Amino acid sequence: MTTLPEKTQKKLGLVIDLDTCVGCHACVISCKGWNTENYGAALSDTDAYGANPSGTFLNRVHSYEVQPTPTSDQPAPEAQLIHFPKSCLHCEDAPCVTVCPTGASYKRVEDGIVLVNESDCIGCGLCAWACPYGAREMDAVEKVMKKCTLCVDRIYNENLPEIDREPACVRTCPAGARHFGDFADPESNVSKLSAERGGMNLMPEQGTKPVNKYLPPRPKDTLSAPAGDIDILAPYLEPVGQDAKGFLGWLDKTLEKL
Amino acid sequence: MHPAPSVIFFTVFSGIGFGLLTFLGLGFPAVTGFTAFAFFAIAFLAAVGGLISSTFHLGHPERALKAFTQWRSSWLSREGWCAVIALITMGLYGLGLVFFDQRWTLLGLVGSVFSVLTVFTTSMIYTQLKTIPRWNSPLTPVMFLSFSLAGGALLSGQVTWALLLLSIAAVVQVLLWAQGDGALAGSGTTLATATGLGPRGSVKAFEPPHTGTNYLLREFAFTVGRKHSQKLRLISIGLMAGLPIVLLLLPFSHIFAALAVASHVAGVLASRWLFFAEAEHVVGLYYGKR
C-alpha cells in the first residue's frame with residue numbers, strides 16, 4: 001500500500017556527523033558494492049570507461065564551502081569545507097511513498113524503512129520527483145527506481161557476524177562519522193548522540209520529517225583569532241633575520257626612500 | 001525539470017481530447033451520425049493518443065495495469081481511473097449518437113464530468129509536488145483545466161465559449177508565470193536549509209559528488225532554453241490564445257478555423273514545454289544549480 005503507516009514500531013535510521021566526515025567517499029563505494037551484489041536489481045554504470053560515465057548511486061558525498069559571517073571577535077573568519085554524505089532519510093512523512101501509483105514504494109510498519117518492491121515498479125519516476133533530497137535514482141539499465149534500503153539485507157542477516165549487521169556505509173566509515181540505530185528508543189546510541197550534538201533535519205520546511213539526523217560541524221580554524229598564540233611553539237618560531245643586511249639591506253632602504 | 005517529449009505530448013493532447021469530450025458529452029455540438037463519428041474520432045485520437053504516449057516514459061510499461069491499484073493515495077492512479085471511466089462512458093455515448101441516433105444524456109453528463117476530472121487529476125500529479133515550488137500552486141490545476149476547456153471549445157466549434165475560455169486561459173497563464181517566477185525564492189528552501197549549514201554562514205556548493213552527470217541532474221536540473229523563456233512565453237501565448245481569438249473574430253471560414261486549432265495546439269505545446277523546462281526542483285540546490 002502506498003499510504004503511510006500512522007506509526008512505526010521502530011524508527012531505524014542514521015546519524016551523520018558533519019564534524020567528523022573527511023569526505024573520503026568510502027561509504028559511497030561500500031554502498032554501491034554491497035547493493036549491486038545483493039538485494040534487488042544491480043546498480044548499473046553506463047559508459048563507465050567512455051567519455052561520459054554515469055551511474056546509479058544510493059549514497060553520494062557533496063562538498064560545501066561555508067563562509068562564516070564576520071563578527072567583532074572574528075573579523076575575517078576562515079571559510080570551512082564541509083563534506084556532506086546524502087542518502088535516503090527514511091522520512092516519517094515520506095512524499096515518495098504516497099505518490100506511487102502501483103504500491104511499489106512503501107514504508108515498513110515494523111522498522112520504518114522506506115523500500116521499493118522492484119517487481120511492482122513501473123518506472124514512472126514520480127517518487128524521485130517527489131523526493132526533495134535526490135535520494136531516489138532510476139536505474140538507466142534496469143528501468144526501476146533504486147534507493148537506500150538501510151541495508152535491510154545486512155541488519156537482520158543472521159548469516160553475517162553480528163558486528164557486520166549494520167548498513168555497509170556505517171560499517172565501512174573509517175572516520176566513524178556514520179551511526180546506525182533506532183530513533184524510536186530515546187536511550188539508543190543515535191537518539192542520545194543526536195540530542196547531545198543538536199542533530200538537525202534537512203529541509204525541515206518541506207514537512208517530510210526525516211528520520212536521519214545530521215550533526216552540525218564545530219568551528220575548527222582559529223588562525224584569524226586576534227588574541228593569543230596559535231601554538232605553544234609559536235614563540236620559538238618567531239621569524240629571524242627580518243632586516244636584510246648587505247646589498248639587499250641597502251636596496252631595501254634606498255627603495256623605501258624613493 | 002527535463003521536458004520529456006512523451007509527457008508534453010501526453011498532457012497537451014489528452015488535455016485537448018478530454019476538453020472536446022467534455023463539450024461533446026454536454027451536447028455541444030448536438031451532432032449525430034457521421035458528423036458525430038468525426039468529432040468523436042478526433043477526441044478519442046487526441047485523448048487515447050496522449051495516454052499511450054504517456055506510457056513511453058515508463059521504465060516498465062508492461063506493468064502499467066498495476067497503476068490502477070493505489071487510487072486511495074496516488075493522483076497518478078486516480079488519473080488512470082478517471083481516464084478509463086471517461087473513455088468508456090463517452091465511448092458508449094458516442095456509439096448511441098453515431099449508430100443509433102440516440103442521445104443518452106445522463107451517460108454524456110457522466111462522461112463530461114469524468115473528462116474534466118481526468119484533466120484535474122493530471123494537473124494534481126504536478127500540483128502536489130512541494131519539491132517543485134513553481135507547480136505547487138492552486139493555479140496549476142486552473143491552468144490545466146482552462147487550457148483543456150478552451151481547446152475543447154475551439155475544436156467543438158463553440159465560438160462564443162472559445163473566445164471566453166481562450167481569454168481566461170491566457171490570463172491564467174500569465175498569472176501562473178508571474179507567480180511561478182518567485183515560487184522557488186518564496187518556498188523558503190535554499191542551499192542553507194538543504195544542508196542545515198545556514199546558521200554557520202553563507203553556503204556554497206564547492207564540489208559535486210561525481211565529475212560526471214547522473215540521473216538527478218539529467219531529470220531535475222534542466223536549464224537549457226531558460227535563456228529564451230521570455231521570448232518563448234510571448235510566442236506561446238500569442239499562438240495559444242492571441243491568434244485563435246483573432247481568427248475566430250474574422251468571418252467564419254473552415255480554413256480560419258483549422259488555422260486557429262493548429263495555432264492553439266502549437267501554442268499549448270510551447271507553453272507545456274516551458275512548464276517543464278522552467279520548473280526548478282529543489283534537489284538542484286544540492287548541486288548549486290536550479
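Residues numbered from 1 in each chain as written. Chains lettered and ligands numbered in written order. Predicted model: local features only at pLDDT ≥ 70, side-chain atom pairs only at ≥ 80, totals over all residues. Heavy atoms only, no water.

A. Main features of helix 10 (residues 229-249) of chain B. All names here are of chain B. When the terminal C-alpha atoms of helix 10 are compared, their 29 Å separation across 21 residues agrees well with the 30 Å that a helix rising 1.5 Å per residue should span. For helix 10, the principal kink sits at G238 and spans about 45°. When we look at burial in helix 10, the residues that qualify are S229, R233, S236, I237, M240, A241, P244, L247 and L248. Lining the buried residues of helix 10 we find helix 5 (139-155), helix 6 (159-181) and helix 11 (254-277). (Helix = DSSP H or I, 4+ residues; strand = E, 2+ residues; numbered from the N terminus. Expected span 1.5 Å × (residues − 1). Bend = angle between axes of the 7 residues up to and from the residue. Buried < 20%, exposed > 50% of the residue type's maximum accessible area, 1.4 Å probe, protein only. Contact = heavy atoms within 4.5 Å.)

B. Focus on the interface of chain A and chain B. Chain A puts 64 residues into the contact, and the matching count from chain B is 58 residues. Taken together, both faces of the contact between chain A and chain B bury some 4800 Å²; the carbon and sulfur share is 58%. Among the residues of chain A in contact with chain B, Y64, I122 and W129 of chain A are the three that bury the most area, contributing 17% of the side total. Linking chain A to chain B there are 2 salt bridges. Across the pair E65 of chain A and K204 of chain B runs a salt bridge, and its minimum N-O distance is 3.7 Å. (Buried area = accessible area lost by both parts, 1.4 Å probe. Salt bridge = Lys/Arg side-chain N within 4 Å of Asp/Glu carboxyl O.)

C. Molecular detail of the packing of aromatic side chains. Using the criterion set out here, one finds 21 aromatic pairs over all chains in the structure. The interplanar angle of 50° and the centroid separation of 5.8 Å between the aromatic rings of W129 of chain A and W135 of chain B together place this pair among those described as tilted. With W129 of chain A in helix 3 (residues 126-130) and W135 of chain B in the loop between helix 4 (105-127) and helix 5, the pair connects residues from two separate chains. In textbook terms, an aromatic cluster arises when at least three aromatic residues are bridged by ring pairs, as seen for W129 of chain A together with Y126, W135, F144, F275 and F276 of chain B. A cation sits over an aromatic face here: R272 of chain B above F144 of chain B, 4.4 Å from the ring centre. (Phe/Tyr/Trp six-rings, centres within 6.5 Å; stacked < 30°, edge-to-face > 60°. Lys NZ or Arg CZ within 6 Å of the ring centre and 35° of its normal.)

D. Quick look at the sheet that holds strand 5 (residues 80-87) of chain A. With antiparallel pairing, 3 strands are arranged side by side in an open sheet as 5(A)-4(A)-1(B). Either end of the sheet is taken by a strand with one partner, and the two such strands are strand 5 of chain A together with strand 1 (202-207) of chain B. When strand polarity is set aside, the average angle formed by the axes of neighbouring strands in this sheet is 40°. The sheet contact formed by strand 4 (residues 59-67) of chain A and strand 1 of chain B spans 5 bridges and is antiparallel. If you follow V66 of chain A over to strand 1 of chain B, its bridge partner there is V203 of chain B. (Pairing = 2+ DSSP bridges. Axes fitted to C-alpha atoms, helices over the stretch in contact; angles between N-to-C directions.)

E. Molecular detail of the packing of helix 1 (residues 5-25) of chain B against helix 5 of chain B. Residues and elements named next belong to chain B. Their axes nearest at 7 Å, the elements helix 1 and helix 5 cross at an angle of 60°. By the angle between their directions, the pair helix 1 and helix 5 is classed as oblique. Note that helix 1 runs across helix 5; the crossing there is right-handed. Packed against helix 1, whose contacting residues are T11, G15, I16, F18, G19, L20, T22 and F23, the element helix 5 presents F144, S148, L149, G152, A153 and L155 at the interface. A per-class count over the contact of helix 1 with helix 5 returns 8 nonpolar, 6 polar and no charged. (Parallel < 35°, antiparallel > 145°, perpendicular 65-115°, else oblique. Left-handed = near helix turned anticlockwise from the far one by under 90°. Nonpolar A, V, L, I, M, F, W, Y, C, P; charged D, E, K, R; others polar.)

F. Inspection of the sheet that holds strand 10 (residues 178-182) of chain A at higher detail. All names here are of chain A. With respect to topology, 3 strands assemble into an open sheet ordered 10-1-11, the strand pairing being mixed. Of all the strands in the sheet, the pair left with one neighbour each is strand 10 and strand 11 (213-215). This sheet shows a mean twist of 25° between the axes of neighbouring strands, independent of strand direction. Pairing between strand 1 (residues 12-17) and strand 10: 5 bridges, direction antiparallel. Opposite I16, over in strand 10, you have R178 as the bridge partner. Packed onto the sheet, helix 6 (residues 189-197) meets strand 1, strand 10 and strand 11 and runs at close to 120° relative to strand 10.

G. Broad picture of the nonpolar core. In terms of nonpolar packing, the biggest core is built from 128 residues, with W129 of chain A together with W135 and Y286 of chain B touching the most fellow members. Those residues in contact with Y286 of chain B that sit more than four places away from it in its chain are H62, Y64, F84, K86, P132, Y133, L202 and M203 of chain A together with L191, A194, T195 and A205 of chain B. Counting residues in each nonpolar core, the second largest holds 6 residues, with V15, F183, V211 and L215 of chain A among its members. (Core = buried A, V, L, I, M, F, W, Y, C linked by side-chain atoms within 4.5 Å.)

H. Representation of the pattern of salt bridges. All names here are of chain A. Within this structure, the stated rule accounts for 16 salt bridges over all chains. Residue D45 pairs with K32 through a salt bridge whose shortest N-O separation is 2.7 Å. Residue D45 is found in strand 2 (residues 45-46), and its partner K32 is found in helix 1 (residues 26-37); the two are separated by 13 residues along the sequence. In this structure D45 comes out as partly exposed when scored by relative accessible area, which is 43%. Classification of K32 by relative accessible area gives buried; the value is 10%.

I. Broad picture of the environment of F183 of chain A. Residue and element names in this part refer to chain A. Structurally, F183 can be placed in the loop between strand 10 and helix 6. Classification of F183 as buried rests on a relative accessible area of 16%. In sequence terms F183 and V144 are 39 residues apart; their C-alpha atoms lie 30 Å from each other. With residues up to four places along the chain from it excluded, the contact list for F183 reads K11, G13, L14, V15, S188, V190, S191, S194, V211 and K213.

J. A look at the pairing of strand 4 of chain A. Residue and element names in this part refer to chain A. Summarising burial for strand 4: 7 of the 9 residues are buried, a large majority. Both strand 4 and strand 5 contribute to a ladder of 8 bridges, which runs antiparallel. Across the sheet, residue V61 finds its bridge partner in strand 5, namely P85.

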